[in-house]
Amino acid sequence: MTDSTLSPLSRFANELLLVPTNSVAFAASYVAPVALLELLTASAATLRRKEVANRLQDADYEQRHGYRWYQNES
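What you see is a predicted model, and the numbers here were worked out from it, not measured in a lab.

**Examining the pattern of salt bridges**
Turning to step 1, where the next piece is worked out: In the structure shown here, the tally under the stated rule is three salt bridges.
Turning to step 2, where the next piece is worked out: With a closest N to O distance of 3.3 Å, R55 and E51 form a salt bridge. Note that R55 and E51 are positioned in helix α3 (residues 49-65) at a spacing of four residues, about one turn of the helix.
Turning to step 3, where the next piece is worked out: Judged by its relative accessible area of 35%, E51 is partly exposed.
Turning to step 4, where the next piece is worked out: A salt bridge links R64 to D60; the nearest nitrogen and oxygen atoms lie 3.0 Å apart. Of the two residues, R64 and D60 are both situated in helix α3; the distance of four residues between them amounts to about one turn of the helix.
Turning to step 5, where the next piece is worked out: R64 sits in the exposed class, given a relative accessible area of 62%.
Turning to step 6, where the next piece is worked out: Counted as one network, the salt bridges with shared partners bring together R48, E51 and R55.

**Here we look at a nonpolar patch on the surface**
Turning to step 1, where the next piece is worked out: On the surface, a nonpolar cluster with roughly 350 Å² of combined accessible area is contributed by M1, L17, L37 and L40.
Turning to step 2, where the next piece is worked out: Among the secondary structure elements, M1 is positioned in the segment before α1 (8-12).
Turning to step 3, where the next piece is worked out: Looking at M1, the relative accessible area reads 42%, which means it is partly exposed.

**A closer look at the environment of L36**
Turning to step 1, where the next piece is worked out: Within the secondary structure, L36 is located in helix α2 (residues 31-47).
Turning to step 2, where the next piece is worked out: Residue L36 is classed as buried on the basis of its relative accessible area, which comes to 17%.
Turning to step 3, where the next piece is worked out: In this structure the C-alpha to C-alpha distance between L36 and M1, which are 35 residues apart in sequence, comes to 9.1 Å.
Turning to step 4, where the next piece is worked out: When neighbours within four sequence positions are excluded, L36 is seen to be in contact with M1, L17 and V19.

**With respect to the side chain of T2**
Turning to step 1, where the next piece is worked out: In this structure, T2 sits in the segment before α1.
Turning to step 2, where the next piece is worked out: Beyond its immediate stretch of four places on either side in the chain, T2 contacts S7, L16, L17, L18 and V19.

Cut-offs and rules
Residues numbered from 1 in each chain as written. Predicted model: local features only at pLDDT ≥ 70, side-chain atom pairs only at ≥ 80, totals over all residues. Heavy atoms only, no water. Salt bridge = Lys/Arg side-chain N within 4 Å of Asp/Glu carboxyl O. Helix = DSSP H or I, 4+ residues; strand = E, 2+ residues; numbered from the N terminus. Buried < 20%, exposed > 50% of the residue type's maximum accessible area, 1.4 Å probe, protein only. Patch = residues over 30% accessible without salt bridge, like charges linked within 9 Å, V, L, I, M, F, W, Y side chains within 5 Å. Areas by Shrake-Rupley, 256 points an atom, 1.4 Å probe, with all protein chains shown as cover. Contact = heavy atoms within 4.5 Å.

Structure below.
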């Protein structure tokens, strides 16, 4: 994934996804690349729905009951 065909990545890649980062502001906008990554993640998740659901359940348990950097005072 790159924003230009002139990128060094484009010479070595078998597949190339062009995603613009143009913006009217001074900083580049990364909305399009992030949207593409989310699209690829969602499509991969639909192909392996059960495996992804199991991993998300593990991550949910870890977020609720896992180690934290602080201790609750209660």
